[in-house]
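Inside the fold
Here are the chains, one letter per residue:
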Amino acid sequence: MKHTIIEFKSLDSTSTYIKNNYASVDDGSVVTSITQTSGRGRLGRHWIDDGKSLLFSFLLKGKKYSSLLDSISLLSGAAMELTLLELGLSPLIKWPNDIYINDKKVCGILAEGISSSSLECIVVGIGLNLNNSSFEEGLNATSIYLETKKEFDKKAILFSFLSNLDKLLESEEKNPYSFSKIIAAHDYLKDKDIYLNYYGENKFLHCLGINSTGALLGKDEEGKLITVTSGEANVVTNLTRAI
Ligand code: BTN
């Protein structure tokens, strides 16, 4: 896929920029910004940066992508997982949208659909903590710099990600959900107890793994097997266990 790179020094949000301008932005285009003034995370959260993270969003334009809407976030996570593995790191995917290294978040992904009467476009926004040397107190985050003590070129990482993304999108055409093997092989939640926030309800689950379509498999308190296709997972710590 052709990727036109549109670069900014500062934007409110790379994803908001694409959402507001998608009519004039080509399919496959990538918008980057050194910093964002209103970076957005999942569930209405803010994504704060200090100019050292790799911040970008890409556009998949047209109805031909509608079958990807539910899986693009997982597929993008798998592409970032491959990119970080190539750097010699040991990242794990925290289903469904984050990447963790050493129990700390290093990357977050926000996939959004734009529709009028039907789906028009998908915008995927990615924030990768790259060269950051510290984080706000209380934030359970790390960066590639903190893990390796080396600084990395933002563009080199972006190009490596796009090449992995293209490979996974191509194999999706012949082999739907083949990306789920990458997630299953690098699954942060496997064998952990979690509280799953599912449409506002908090459900306890013991995670068993990821299935062939990228869904989370778990066992609930009654021992019933559950397959989950969306939600937000919070790992049960000794503290939350006691509560
Ligand atoms: C999350 O962890 O909740 C997802 C975070 C996604 C942040 C990225 S940074 C680039 C793009 N622009 C945004 O406003 N958000 C995404």
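Residues numbered from 1 in each chain as written. Predicted model: local features only at pLDDT ≥ 70, side-chain atom pairs only at ≥ 80, totals over all residues. Heavy atoms only, no water.

With that settled, consider the sheet that holds strand 9 (residues 201-210). Taken in spatial order, the five strands of this open sheet run 11-10-9-8-12, and their pairing is antiparallel. In this open sheet, the two edge strands, each paired with only one partner strand, are strand 11 (225-228) and strand 12 (232-235). When strand polarity is set aside, the average angle formed by the axes of neighbouring strands in this sheet is 45°. (Pairing = 2+ DSSP bridges. Helix = DSSP H or I, 4+ residues; strand = E, 2+ residues; numbered from the N terminus. Axes fitted to C-alpha atoms, helices over the stretch in contact; angles between N-to-C directions.)

Further remarks concern the sheet that holds strand 4 (residues 92-94). A sheet is described by the order of its strands in space; here seven strands give the open sequence 1-2-3-7-6-5-4, paired in mixed fashion. Edge strands, defined here as strands with exactly one partner in the open sheet, are strand 1 (5-11) and strand 4. When strand polarity is set aside, the average angle formed by the axes of neighbouring strands in this sheet is 20°. Here helix 1 (residues 14-21) sits on the sheet and contacts strand 1, strand 2 (30-36), strand 3 (54-61), strand 6 (104-115) and strand 7 (119-128); the angle it forms with strand 3, its principal contact strand, is near 25°. (Contact = heavy atoms within 4.5 Å.)

Let's shift gears to the site of the ligand. Ser13, Gln36, Arg40, Arg42 and Lys105 are the nearest of the 19 residues found near the ligand. Contacts to the ligand include Thr14, whose side-chain N or O atom sits 3.1 Å from a nitrogen atom. Lys105 has a polar side-chain atom sitting 2.5 Å from an oxygen atom of the ligand. Isolated, the ligand exposes 410 Å² of accessible area, and the fraction of that covered by the protein chains is 98%. Where the shell around the ligand is concerned, the elements lending two or more residues are helix 1, strand 3, strand 6 and strand 7. Residue composition of the shell around the ligand, by class: five nonpolar, ten polar and four charged. (Near = heavy atom within 4 Å. Polar contact = N/O pair within 3.5 Å; in protein donor to acceptor, adjacent residues only side chain to side chain. Areas by Shrake-Rupley, 256 points an atom, 1.4 Å probe, with all protein chains shown as cover. Nonpolar A, V, L, I, M, F, W, Y, C, P; charged D, E, K, R; others polar.)

All told, the structure shown has nine salt bridges when counted by the stated rule. In this structure, Glu232 engages Arg42 in a salt bridge whose closest nitrogen and oxygen atoms are separated by 2.6 Å. With Glu232 in strand 12 and Arg42 in the loop between strand 2 and strand 3, this pair connects stretches of sequence that are 190 residues apart. In this structure Glu232 comes out as buried when scored by relative accessible area, which is 12%. The residue Lys105 makes a salt bridge to Asp98 at a minimum N-O spacing of 3.1 Å. Since its relative accessible area comes to 10%, Asp98 is described here as buried. Overlapping salt bridges bring together Lys19, Arg40 and Glu112 as one network. (Salt bridge = Lys/Arg side-chain N within 4 Å of Asp/Glu carboxyl O. Buried < 20%, exposed > 50% of the residue type's maximum accessible area, 1.4 Å probe, protein only.)

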